[in-house]
Amino acid sequence: MFTSATRSAGLERTETFVRTGARQYAKARNFDFGPNNRANVSTLSPYIRHRLILEQEVISQTLARHSAGHVSKFLEEVFWRAYFKGWLQHRPAVWSDYQASLRTLIGQLEAEPTLLDRYNAAVGGNTGIDCFDAWARELVDTGYLHNHARMWFASIWVFTLKLPWQLGADFFLRHLVDGDPASNTLSWRWVSGLHTKGKTYLARVSNIVNYTDGRFDPKGLSTTAEPLTERAEYEPQALEFRDELLPTESYGLLVTEDDCYPETLASGLQPVAVTGGLAIRNRSALPVGIEAFNFSSAAVRDAVDRASRHFGVEGGYFEADDWSESLAEWATKHHVNTIVTAMPPVGPVADALSAATHALARYGIRIVELSRAYDREAWPHAQRGYFKLKKQIPAIIDRLELDELEPVMPQRVAAGDETRLSSGG
Ligand SMILES: Cc1cc2nc3c(=O)[nH]c(=O)nc-3n(C[C@H](O)[C@H](O)[C@H](O)COP(=O)(O)OP(=O)(O)OC[C@H]3O[C@@H](n4cnc5c(N)ncnc54)[C@H](O)[C@@H]3O)c2cc1C
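Small disclaimer: the values here were computed from a predicted structure and weren't measured. (Residues numbered from 1 in each chain as written. Predicted model: local features only at pLDDT ≥ 70, side-chain atom pairs only at ≥ 80, totals over all residues. Heavy atoms only, no water.)

Novice: I keep staring at the nonpolar core and nothing clicks. Help me out?
Specialist: For soluble globular proteins, the rule of thumb is that nonpolar side chains tend to be buried together. Core analysis: the biggest nonpolar cluster contains 113 residues, and Phe79, Trp135, Phe153, Ile156, Trp157, Trp188 and Ile208 have the highest contact counts within it. If we ignore the near neighbours within four places in the chain, the residues touching Trp157 are Tyr119, Ala122, Val123, Phe132, Lys162, Leu163, Pro164, Trp165, Leu167, Gly168, Phe171 and Trp188. Grouped together as the second largest cluster of nonpolar side chains are 19 residues, Ala273, Phe318, Trp330 and Leu360 included. (Core = buried A, V, L, I, M, F, W, Y, C linked by side-chain atoms within 4.5 Å. Buried < 20%, exposed > 50% of the residue type's maximum accessible area, 1.4 Å probe, protein only. Contact = heavy atoms within 4.5 Å.)

Novice: Could you clarify how one ought to interpret helix H9 (residues 147–160) in this entry?
Specialist: For an α-helix the count is 3.6 residues per turn, leaving residues at separations of three or four pointing the same way. In this model H9 runs 19 Å from its N-terminal to its C-terminal C-alpha over 14 residues, within 8% of the 20 Å that 1.5 Å per residue would give. Burial runs high along H9: 12 of the 14 residues are buried. Among the residues of H9, those classed as buried are His148, Ala149, Arg150, Met151, Trp152, Phe153, Ala154, Ser155, Ile156, Trp157, Val158 and Phe159. After H9 finishes, the residue Lys162 shows a positive phi value of roughly 55°. (Helix = DSSP H or I, 4+ residues; strand = E, 2+ residues; numbered from the N terminus. Expected span 1.5 Å × (residues − 1).)

Novice: How do you make sense of the side chain of Arg49 when you look at a structure like this?
Specialist: Within the secondary structure, Arg49 sits in helix H3 (residues 45–49). With relative accessibility at 4%, the residue Arg49 sits in the buried group. At 2.9 Å, the side chain of Arg49 and the side chain of Asp258 are in polar contact. Ignoring anything within four residues of it in the chain, the contact list for Arg49 reads Arg81, Asp178, Gly179, Asp180, Pro181, Glu257, Asp258 and Arg283. (Polar contact = N/O pair within 3.5 Å; in protein donor to acceptor, adjacent residues only side chain to side chain.)

Novice: Help me understand the domain arrangement of the protein in this model?
Specialist: Where interface size is quoted, it is often the accessible area lost as the parts come together. Partitioning the protein into structural domains gives domain 1 (1–90 + 373–401), domain 2 (92–211) and domain 3 (251–370). Put simply, the middle of domain 1 and the middle of domain 3, counted by C-alpha atoms, are 25 Å apart. If you look at the interface, domain 1 gives 17 residues, while domain 3 gives 15 residues. In this assembly, domain 1 packs against domain 3 so that about 1500 Å² is buried in total across both faces, 60% of it on carbon and sulfur atoms. Summed over the three residues of domain 1 that lose the most area to domain 3, namely Ala5, Arg7 and His50, the buried surface amounts to 36% of that side. At the junction of domain 1 with domain 3, the criterion picks out 1 salt bridge. Salt-bridge contacts for Arg49 lead to Asp258; the nearest nitrogen and oxygen are separated by 2.9 Å. The interface formed by domain 1 and domain 3 contains 9 residue pairs in polar contact (both at pLDDT 80 or more). Within the residue set of the side of domain 1 that touches domain 3, elements represented by two or more residues are H3 and helix H5 (72–90). Grouping the amino acids of the side of domain 1 that touches domain 3 by side-chain chemistry returns 8 nonpolar, 4 polar and 5 charged. (Domains from an automatic or database assignment. Buried area = accessible area lost by both parts, 1.4 Å probe. Salt bridge = Lys/Arg side-chain N within 4 Å of Asp/Glu carboxyl O. Nonpolar A, V, L, I, M, F, W, Y, C, P; charged D, E, K, R; others polar.)

Novice: Which parts of the structure should I look at to understand helix H6 (residues 92–111)?
Specialist: Helix length check: H6 (20 residues) gives 29 Å between terminal C-alpha atoms against 28 Å at 1.5 Å per residue, within 8%. Buried within H6 are the following residues: Val94, Trp95, Tyr98, Gln99, Leu102, Leu105, Ile106 and Leu109. Angularly, the buried residues of H6 cover 130° about the axis, an arc narrow enough to put them on a single face. In H6, the exposed residues that point more than 90 degrees away from the buried face are Arg103 and Ala111. Buried residues belonging to H6 abut H5, helix H7 (113–123), helix H10 (165–175), helix H11 (181–192) and helix H15 (348–361). (Arc of directions from axis to C-beta.)

Novice: Looking at this model, I keep getting lost on the packing of helix H8 (residues 130–142) against H9. Mind explaining?
Specialist: For any two helices packed against each other, one specifies the crossing angle of their axes together with the interaxial distance. Relative to each other, H8 and H9 sit at 115°, their axes nearing to 10 Å. On the basis of the axis angle, H8 is roughly perpendicular to H9. Crossing of H8 over H9 shows left-handed handedness. For the pair formed by H8 and H9, the contact residues are Cys131, Phe132, Trp135 and Ala136 on the first element and Ala149, Trp152, Phe153, Ile156 and Trp157 on the second. Looking at the contact of H8 with H9, its residues break down into 9 nonpolar, no polar and no charged. (Axes fitted to C-alpha atoms, helices over the stretch in contact; angles between N-to-C directions. Parallel < 35°, antiparallel > 145°, perpendicular 65-115°, else oblique. Left-handed = near helix turned anticlockwise from the far one by under 90°.)

Following this line, the structure appears as structure tokens:
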């Protein structure tokens, strides 16, 4: 389904969906017709998640062809991603607490054979619940599930199978080609009644029969969904955008799986080399799925190839748990003390970079993180419920200057000239 993890494949898919599917999206989107019939949704999520294409581009192409009124549902869904990203950015402890409890639960799987058996039946698609078993296999085989299937699956996992939500979120994050720390963790929490406190999502048989077009008729589903509870209270903290001044010295450009459109990042400023780093294995102590790994790895390589051609400089690639050594070696080889990268949102890339920052400082190397205009505009409205951000969508779109997306041709910075890097996206 996602054989080509490239920007050009993402652009092509956007063009096709905008032309053939965007107008019918609001009416058709809730149907899961199965892996061979996905025309009613965009399937753009792996491209958007890796920023092979930017949300801004998807919005601008959609609005170039349709009036906002006809595609408002689609645009709202695109902004759900910004909502979850912004919400988690305000509460990074939700991610670190999830990771800590996941480590404990993975330990428990080893220590408690009955829990392990129930877990293995769920992830292996052997529960006897027809739809759930099919989706478990579809996820592992293709790396993708329809949104409605994700909601039903998570609900059955938590309320029928009574498995810990964190292990389900981990199963998704390791296998989804669009696996995203914010959208995934917070959607699982939303289904469980932890995001909007006390409000759960119950998977109902009639709903599944109807919206899978009669493909499934599950038996034995829970008819109640008691909200999960937790002791922690997560209050929003201030957002931090750490764009910094570019020093006069040259810099190396680092591409990660969180932003694979580096040509538009440091507009007008020429790096001396480009490298790509992959942190996907840090998503979990358990192995990541082959589809998810291949997509992320190919997306980063595609971005490095493009950037290396665009800037006319050498491109490299590394994959490591600890990024400090790989980055120190690369920066030393190219005689740079500054590494510029897209600001990584809360998740494994941010964790890897934050760990490397201290080690790199010992070599006199600093990391400059550039944020994108879209995130700076949207995230501040994602402190609590989605409605606040939704109200801002027209104003945000107005401010984004959607037609100014073409990468600016790079120029060398004159010695002594201190220029503020601007994000082109
Ligand atoms: C339990 C659960 C886990 C999820 N995990 C992820 C994840 O790891 N990564 C991920 O990108 N999405 C996740 N989602 C959201 C949603 O299911 C997918 O974004 C969507 O199914 C992707 O398919 P599409 O590109 O065809 O979406 P479309 O319906 O065509 O929507 C267009 C784009 O809008 C965004 N979007 C749409 N719906 C949502 C949503 N509910 N939340 C956030 N963004 C949305 C995506 O970027 C998507 O590509 C999850 C949802 C649930 C219920």
